[in-house]
Amino acid sequence: MVTGYGPVERLVRLWLPVGFFLVLALFPFYWMAITSLKPNSELYNRHVMPLVLHHPTLKHYIDLLTQTSFLTWTWNTMLVAVVSTAISLVLGVMLAYPLARMRFAGAGLIAMTVAAIYLVPQPLLFIPLADVINRLGLGNTLTAVILTYPTMLVPFCAWLLLGYFKTVPMELEEAARIDGASRLQTMRRIFLPLCTPGFISAGIFAFTLSQNEFLYALIFLTKSSVRTVPVGVIAELIRGDVFYWGQLMAGALLGSIPVALIYSFFVEHYVAGLTSGSVKG
Amino acid sequence: MSVRSELIVAASPPARRTASHASWADRQSVFSWLMMAPPLLFLGALVGYPFCYGILLSLQDRPVAHPGTFVGLKNFAANFNDPIFWRVALNTFVYTGAATLLKMVGGLALALAMNQRFPLKNLVRALLLLPFIVPTVLSTVAWMWILDPAFSVLNWVLVLVGVPKPGPSWLGNPILAMVSIIVINTWRGLPFYGITLLAGLQTVPPELYEAATIDGASGWQRFRYVTLPLLQPIILIVTLFSVIFTFADFQLVYVLTHGGPQNATQLFATYAFDIAMGAGQLGLGASVALTMLPALALLIVALTIYLRRG
C-alpha cells in the first residue's frame, strides 16, 4: 500500500522505525554473545570500550561445559520438552477432534472449559500442585515436570488444533464413512494425515513453551542432576552474590539455540499459528 | 446395523433421515466422550483437583510438611492487614497497566512500520520475534547484565552522553527497578503484539484505503477511521491475552529483582512464592495467589466468550 515515496520519506517511514525495533530486539542477544566471548580481564575493566570484542576467548564455554552440569541440564530440557510435547499433541487431538467434528450435548461447554484452562496462568496453581507432586513422591524427578507441563500444553494444543481442524474439508471423511470405515479409522487413516501443518504448528509452540517453563521446574527440581537449563542457570551459575557473567551469558546463549534453531526452520508455521491461534480459535 | 444405517442415511431422502437421526447423534456422542475421556480425566486430576485443593489450602494454617488446620478466612484477613500485600497489589496493577499500554502502542507502531513492502521483510519479521521465542529466564539474565550496578553497558552509554558517573542504579532504586521490569516485559511481549497486529493489518482490503483517499482522507484520518476500527477486535484479544499473563507474571521478576528492593517490584505471583516456598506457609501463600482469581476469572471469561464469537 505504501509505494511511490521519495528516499527521504522512505527512510523516515520505513527504515528508521524498523531499524529502531531491530536494534531494540537484537541488542540483548548481541550483548549475550560478545560477553560470553570476552576474557574476564576485559569483562570487568571499566576502561575498555565494552561494545566490541577485543580479545575473544572460548574459556567461558569450556568452563561451562566442563565445570558445570550444563550438558545434563540440556539433555533434561530436551527430554522433557519432547516427551511433554508428544503427550500434549496426542491428548490435544483426542480433545480437539470430537469438538471439531462431532455434534453432542455439552460440546460448547467443553470447548469453553478447554479455552479457560488454557488461559489459567501457573502462579494460580503452583502451590497446591507442589503439594500434590510431593505426596505422589515425584519431587526431584523429571516425571514431575513431564506430568505437569501438559496441564498447560494440552489445552493449548487442543485449542490450536481445534481451529485448524475446522479448516479441513469434511468430504473425505464422509466418503470414508460411506465406504464403511469406523469413526476411529476415519480419524486415524483419513483425517489426521491431512493435518500435518497443524501438528507442526502446535508442536513447535508446545516445544518452545516447555523450554521456556520455569516456575514448575524451579519448585519440583532442586537437584542438579534433574534440573532444566533455565533453573540450572539461575540456581547454579549465580552463586550467592558472585556472578560468573561470562559463563552465565554462554549458558543463556547455548540454552536459547535449540529453540531459535527450531523456530528458524518453521518460522512460517510459527507465525501462522501465532496469528490463527489467538485470532481465529 | 451401524454401517447399514449410515448407508441409508447417506442415500435416503430427508424423511428417512429424521427416523434414524437419534441413533446417529447417539453414536457421535459415545465416540466423542470415549475419545475425550483420557484428556479430560488428566486435566481434572492435574488442573481441576489442584485448583479446588488450592481453595481449601487458602482456608488452612498449613506449614510445609505439617498437617493443616482449618482457620476459615484468617489468611485473607491477615493479607488485608499486611501493608506489603497492598504494596504488592499496587505493584501488580502498575506493572500490568504500564507494560500493556507500552506493548499496545509499540506493537501498533511496529505493525504499521512493517506493513510496507521492503527487501528481506520475512527475515526482519523472524528476527523481530526472537525476544518472544527465547526462554524468558535466559533473556532476562542478559538484561540483568545490561543493568549491572558496576558494569552496566547502559550506564556506559549514558555517561558518554553526559549523565554524571556512575549512572543510575537500575535495580537498586525502587522506581527504576519497576521501570526496568516494565521495559523488559515490554521488550519481550511487543513482538507478539506487533506480528499479530501486522497479520490483522494485512487483511484490511486495500479498496477501503483507496476509497478513503479518493474521499480526501489524510494519512491520520485513514488510520483513525479505517485501520483502527478494523483492527479493534484483534487489539482487544491480544490485549486480554497480554493482561492475563502480565498480571500473573513470575519469571522475569523472580530472576531480575526477586521482588526487591524492599518489595518495590514484588508481584502477586512472586510474593505467593516467597510465602509458600520461602517461608513454608502453604496456606497463606495459597491465599495470596488466590487473590488474583477474581480479576483473572473476569478476564478469562471475557476472553473465552470473545474467542468463541470470533
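Residues numbered from 1 in each chain as written. Chains lettered and ligands numbered in written order. Predicted model: local features only at pLDDT ≥ 70, side-chain atom pairs only at ≥ 80, totals over all residues. Heavy atoms only, no water.

Trainee: Outline the overall build of chain B, supporting the account with residue identities and numerical values.
Mentor: For chain B, the helix and strand inventory stands at 16 helices and two strands. Against the 2.2 N^0.38 benchmark of 19 Å for 310 residues, chain B shows a C-alpha radius of gyration of 26 Å, more extended than a compact globule. Across its three principal axes, chain B shows a C-alpha extent of roughly 85 × 70 × 30 Å. The proportion of buried residues among the 310 residues of chain B is 51%. Long-range pairs, those at least 24 residues apart, make up 65% of the contacts in chain B with a sequence separation of at least 6. For chain B, the exposed area adds up to about 14200 Å²; of that, 71% sits on carbon and sulfur atoms. Positive and negative side-chain charges of chain B, numbering 17 and 10 respectively, have mean locations separated by a distance of 6 Å. (Helix = DSSP H or I, 4+ residues; strand = E, 2+ residues; numbered from the N terminus. Rg over C-alpha atoms; globule rule 2.2 N^0.38 Å. Buried < 20%, exposed > 50% of the residue type's maximum accessible area, 1.4 Å probe, protein only. Contact = heavy atoms within 4.5 Å. Areas by Shrake-Rupley, 256 points an atom, 1.4 Å probe, with all protein chains shown as cover. Lys, Arg positive; Asp, Glu negative; His and termini not counted. Charge placed at Lys NZ, Arg CZ, Asp CG, Glu CD.)

Trainee: Just give me the short version of the packing of helix H14 (residues 268-278) of chain B against helix H15 (residues 282-290) of chain B, but keep the residues and values in it.
Mentor: Residue and element names in this part refer to chain B. At a minimum axis distance of 8 Å, the contact between H14 and H15 shows a crossing angle of 175°. The angle between H14 and H15 falls in the class roughly antiparallel. Across the interface between the two elements, Phe-268, Tyr-271, Ala-272, Ile-275 and Ala-276 of H14 pack against Leu-282, Leu-284, Gly-285, Val-288 and Ala-289 of H15. Per-class residue counts for the contact of H14 with H15 are nine nonpolar, one polar and no charged. (Axes fitted to C-alpha atoms, helices over the stretch in contact; angles between N-to-C directions. Parallel < 35°, antiparallel > 145°, perpendicular 65-115°, else oblique. Nonpolar A, V, L, I, M, F, W, Y, C, P; charged D, E, K, R; others polar.)

Trainee: Give a detailed account of the interface of chain B and chain A, specifying residues and quantitative values.
Mentor: At the interface, 104 residues of chain B touch 103 residues of chain A. Together chain B and chain A conceal approximately 9300 Å² of surface at their shared face, both sides included; 79% is due to carbon and sulfur atoms. Sorting the residues of chain B by area buried against chain A places Ile133(B), Leu138(B) and Trp145(B) first, and these three jointly supply 8% of that buried surface. On inspection of chain B and its partner chain A, the count reaches one salt bridge. The salt bridge involving Arg62(B) is made with Asp131(A); its shortest N-O contact spans 2.9 Å. Counting across the interface, chain B meets chain A through 11 residue pairs in polar contact (both at pLDDT 80 or more). It is helix H3 (residues 21-58) of chain B that provides the largest number of residues to the side of chain B that touches chain A, a total of 24 residues. Here the side of chain B that touches chain A is composed, by residue class, of 80 nonpolar, 16 polar and eight charged. (Buried area = accessible area lost by both parts, 1.4 Å probe. Salt bridge = Lys/Arg side-chain N within 4 Å of Asp/Glu carboxyl O. Polar contact = N/O pair within 3.5 Å; in protein donor to acceptor, adjacent residues only side chain to side chain.)

Trainee: Go over the packing of helix H1 (residues 7-37) of chain A against helix H13 (residues 245-265) of chain A, please, and point to the residues and values.
Mentor: Residue and element names in this part refer to chain A. Remark: H1 packs on H13, axes separated minimally by 8 Å, with the N-to-C direction vectors making an angle of 125°. By the angle class used here, H1 and H13 are oblique. Crossing handedness for the pair H1 and H13: left-handed. Counting all contacts with H1, which are made through Phe-29, Met-32, Ala-33, Thr-35 and Ser-36, the residues of H13 involved are Trp-245, Gly-246, Met-249, Ala-250, Ala-252 and Leu-253. Taken together, the residues that form the contact of H1 with H13 break down as eight nonpolar, three polar and no charged. (Left-handed = near helix turned anticlockwise from the far one by under 90°.)

Trainee: If you had to explain the packing of aromatic side chains to someone new, which residues and values would you point to?
Mentor: Any two aromatic rings considered together are summarised by their centre-to-centre distance and by the angle between their planes. With the rule as written, the count across this model stands at 35 aromatic pairs over all chains. With a centroid separation of 5.4 Å and an interplanar angle of 65°, the aromatic rings of Phe20(A) and Phe21(A) are classed as edge-to-face. Residue Phe20(A) is classed as exposed on the basis of its relative accessible area of 51%. The exposure class of Phe21(A) is buried, given its relative accessible area of 9%. When the ring of Tyr97(A) is compared with that of Phe31(B), the centres are 6.2 Å apart and the planes differ by 80°; the resulting orientation is edge-to-face. (Phe/Tyr/Trp six-rings, centres within 6.5 Å; stacked < 30°, edge-to-face > 60°.)

Trainee: An account of the domain arrangement of chain B is needed here, citing residue identities and associated values.
Mentor: Residue and element names in this part refer to chain B. Domains assigned within chain B are domain 1 (2-58) and domain 2 (74-309). The gap between the C-alpha centroids of domain 1 and domain 2 is 40 Å. In this assembly, five residues from domain 1 lie in contact with eight residues from domain 2. Taken together, both faces of the contact between domain 1 and domain 2 bury some 450 Å²; the carbon and sulfur share is 75%. (Domains from an automatic or database assignment.)

Trainee: A description of the pattern of salt bridges should follow, citing residues and the corresponding values.
Mentor: Per the counting criterion, the structure on display carries six salt bridges over all chains. Put simply, Glu9(A) and Arg13(A) hold a salt bridge, and the shortest N to O gap is 3.5 Å. Taken as a pair, Glu9(A) and Arg13(A) lie in helix H1 at a separation of four residues, close to a single helical turn. Owing to a relative accessible area of 35%, Arg13(A) belongs among the partly exposed residues under this scheme. Salt bridges sharing partners connect three or more residues here, namely Asp131(A), Arg135(A) and Arg62(B).

Trainee: Describe the domain arrangement of chain A, naming the residues involved and giving the relevant values.
Mentor: Think of interface size as the accessible area that goes away when the parts come together; that is how it is often given. Residue and element names in this part refer to chain A. Partitioning chain A into domains gives domain 1 (7-57) and domain 2 (66-279). Listed per partner, the contact involves seven residues of domain 1 and eight residues of domain 2. Across the domain 1/domain 2 interface, buried area totals approximately 560 Å², and carbon plus sulfur atoms make up 78% of it. Remark: the boundary between domain 1 and domain 2 carries zero salt bridges. For the side of domain 1 that touches domain 2, the leading source of residues is H1, giving five residues. Taken together, the residues of the side of domain 1 that touches domain 2 break down into five nonpolar, two polar and no charged.

Trainee: Outline the side chain of Asp131(A), listing residues and values.
Mentor: Along the chain, Asp131(A) falls in helix H6 (residues 126-135). Using a relative accessible area of 8% as the deciding quantity, one classes Asp131(A) as buried. Only 2.4 Å separates the side chain of Asp131(A) from the side chain of Tyr53(B), close enough to count as a polar contact. When near neighbours in sequence (up to four residues on either side) are disregarded, Asp131(A) contacts Tyr53(B), Arg62(B) and Leu282(B).

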